[in-house]
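Below are the chains, spelled out letter by letter.
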Amino acid sequence: MSRLFFTMLLCGITSTVTALAQDNAVYSVLQKIRRLQSQGDTFYPKGLIPSQRWYEGRGIMREDNNIFFTAITVYTLQASKGGFTAEERMLADSITATAQHTFAAYRNKQGDVTYNFWPVQSEQFFPNDPVLSKHRRFKVPDDLDVTAMVYLASDRGAHALPVLKQKMEAYANGRRSSIKSTLPAYRNDSAYTTWFGQKMEPEFDICVLANALLLVQNKGLAWTAADSATARLMVRMVQNEDHLKAGYLVSPSYQSSAVILYHLSRLLAQPGVPLVQTIRPRVVQDLRKLLQKTDNKMTQLVLLSSLIRLGEPAPFTVSVAEAEAGMGSFVFFKANLLAISPVWMRKLAGQSAYVNYSYRCDAYSQALIAEYLILQRESKG
């Protein structure tokens, strides 16, 4: 009897210690994000999440004050909010509230409802680059990806959302011009395109499309023909395995199959979008296969989060220390100079390190770690 009591007591203590360790891990990760968040200087305004642009072809790093990583960090924390303890939620709310104040500097300077990757008043583009920042042909217009994530990460007035939806549809493929930068099989699809620029060639990116539909579902916007066309295009890209075989062609700004699957899983976890749900079994299968092929622990963490989010069991776990060790070589997002070029040119040189600038953002990687820990916590009940 005493031995049974001792065993039960030991199991109870072990479970409590494990739970406390995980709770402490989440809070510790949030503290790291807080420390990485800018306190305000001449380049990074207070609240912005710093990131770096890596020129892998030349081994050069440049600081980059884009709003993209701030927006996706805030959204990731907010999406995980339901699983936070009261103490964690307080810290996460402090991080997000400070970050949200930076969004205004990236809003279209004519007062439109869209947002730019870089600050609009200073008209910076490719900051700290002695060459690209001097040539206006490298200046980018507002884009759907950044705009969608800013809206998902904030509580912008409901009046702006229908206006944004109309603009998204106005820039769908075929409305103003027809896409040339994608594979021939997709050129007639009337899906959303990435850029809101009058003179910018249209571009398809499956991750951007996923974020666009995530915005539509999350904000309860009316589903239209453009949304159906976007969903059908994404489904065909997956059915054709282009997300695995030609990530750089169907997702010029992300490229990694793991990151593409992460975006797809995030959308699939949303209620609705029945057409996209048809690829759910395929996405789960691809997640499991990719887990067996990658050694980078941060990439594994992203894949594991995607499986757990879809209600699937995770075959193993990744520790915070292991994930952090993989952050240095983990690439979530890229700037691709050939993204809107004809597809033959992209096939020829689109994967070159000289036209792909990899971004690193340690605070966002920490947000992904926090998300994983929360998903683990919730999956265990």
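In this report, the structure presented in the accompanying data block is examined. Keep in mind the model is a prediction, meaning the values are calculated, not measured.

## Description of the packing of helix α6 (residues 206-218) against helix α10 (residues 257-268)
Closest axis-to-axis distance for the α6/α10 pair is 9 Å, and the angle between their directions is 15 degrees. Our classification of the angle between α6 and α10 gives roughly parallel. Here α6 and α10 pass one another in a crossing that is left-handed. Contacts from Ile 206, Cys 207, Ala 210, Asn 211, Leu 213 and Leu 214 in α6 reach Val 259, Ile 260, His 263, Leu 264, Arg 266 and Leu 267 in α10. Partitioned by chemical class, the residues of the contact of α6 with α10 number nine nonpolar, two polar and one charged.

## Digging into the pattern of salt bridges
Across all of its chains, the model carries 15 salt bridges by this definition. Residues Asp 112 and Lys 167 are paired through a salt bridge, measuring 2.2 Å at the closest nitrogen-oxygen approach. Pair noted here: Asp 112 is in the loop between α3 (86-100) and α4 (144-152) and Lys 167 is in helix α5 (residues 160-170), with a separation of 55 residues, a long-range link. In this structure, Glu 371 and Arg 309 form a salt bridge, with 2.4 Å as the shortest nitrogen-oxygen distance. Separated by 62 residues along the polypeptide, Glu 371 in helix α16 (residues 362-379) and Arg 309 in helix α13 (residues 297-309) bring together distant segments of the chain. In this pair, the class of Glu 371 matches that of Arg 309, namely buried. Connected via shared salt-bridge partners are Glu 241, Lys 245, Arg 282 and Asp 286.

## Notes on unusual backbone geometry
Generally, phi is negative for residues other than glycine and the peptide bonds are trans, each holding for most cases. Although it is not a glycine, Asn 128 adopts a positive phi angle of roughly 70 degrees. Within the secondary structure, Asn 128 is located in the loop between α3 and α4. For Asn 128, a relative accessible area of 42% translates into the label partly exposed. Of note in the backbone geometry, Glu 241 takes a positive phi value of approximately 65 degrees without being a glycine.

## A look at the side chain of His 263
Residue position: His 263 is located in helix α10. Residue His 263 is classed as buried on the basis of its relative accessible area of 2%. Within the structure, His 263 has its side chain in polar contact with the backbone oxygen of Val 259 (distance 2.9 Å). Look past the residues within four positions of His 263 in its chain and what remains in contact with it is Cys 207, Ala 210, Asn 211, Tyr 254 and Phe 332.

## Digging into the packing of aromatic side chains
Following the criterion strictly, the structure yields 22 aromatic pairs and no others. Ring centres of Tyr 55 and Tyr 357 lie 4.1 Å apart, and the angle between their planes is 35 degrees; this geometry places the pair in the tilted category. Here Tyr 55, found in strand β1 (residues 51-55), pairs with Tyr 357, found in strand β4 (residues 356-360); they are 302 residues apart in sequence, far enough to count as distant. With respect to burial, Tyr 55 and Tyr 357 carry one shared label: buried. One cation-aromatic arrangement involves Arg 62 over Tyr 55; the distance from NZ or CZ to the ring centre is 5.9 Å. Sitting above the plane of the Tyr 171 ring, Arg 176 keeps its charged end 4.2 Å from the centroid.

## Section: the nonpolar core
Core analysis: the largest hydrophobic core is formed by 123 residues, its most contacted members being Phe 68, Met 168, Ile 206, Phe 332, Tyr 364, Leu 368 and Ile 369. Among all residues touching Ile 206, those that are not within four sequence positions of it are Met 234, Met 237, Val 238, Val 250, Ser 251, Ile 260 and Leu 264.

## Comments concerning α13
Between the first and last C-alpha of α13 there are 18 Å, a value that for 13 residues agrees with the 18 Å anticipated at 1.5 Å per step. Contacts made by the buried residues of α13 are with α10, α12 (280-293), α14 (320-325) and α16. The N-cap residue of α13 is Asn 296: its side-chain oxygen and the backbone nitrogen of Met 298 are 2.9 Å apart.

## So, α16
For α16, which comprises 18 residues, the first-to-last C-alpha distance of 26 Å matches the rise-based estimate of 26 Å (1.5 Å per residue) to within 8%. When you tally the buried positions in α16, you get 15 out of 18 residues, the bulk of the element. Downstream of α16 by a residue or two, Gly 381 has a phi angle that is positive, lying close to 75 degrees.

What counts and how
Residues numbered from 1 in each chain as written. Predicted model: local features only at pLDDT ≥ 70, side-chain atom pairs only at ≥ 80, totals over all residues. Heavy atoms only, no water. Axes fitted to C-alpha atoms, helices over the stretch in contact; angles between N-to-C directions. Helix = DSSP H or I, 4+ residues; strand = E, 2+ residues; numbered from the N terminus. Parallel < 35°, antiparallel > 145°, perpendicular 65-115°, else oblique. Left-handed = near helix turned anticlockwise from the far one by under 90°. Contact = heavy atoms within 4.5 Å. Nonpolar A, V, L, I, M, F, W, Y, C, P; charged D, E, K, R; others polar. Salt bridge = Lys/Arg side-chain N within 4 Å of Asp/Glu carboxyl O. Buried < 20%, exposed > 50% of the residue type's maximum accessible area, 1.4 Å probe, protein only. Polar contact = N/O pair within 3.5 Å; in protein donor to acceptor, adjacent residues only side chain to side chain. Phe/Tyr/Trp six-rings, centres within 6.5 Å; stacked < 30°, edge-to-face > 60°. Lys NZ or Arg CZ within 6 Å of the ring centre and 35° of its normal. Core = buried A, V, L, I, M, F, W, Y, C linked by side-chain atoms within 4.5 Å. Expected span 1.5 Å × (residues − 1).

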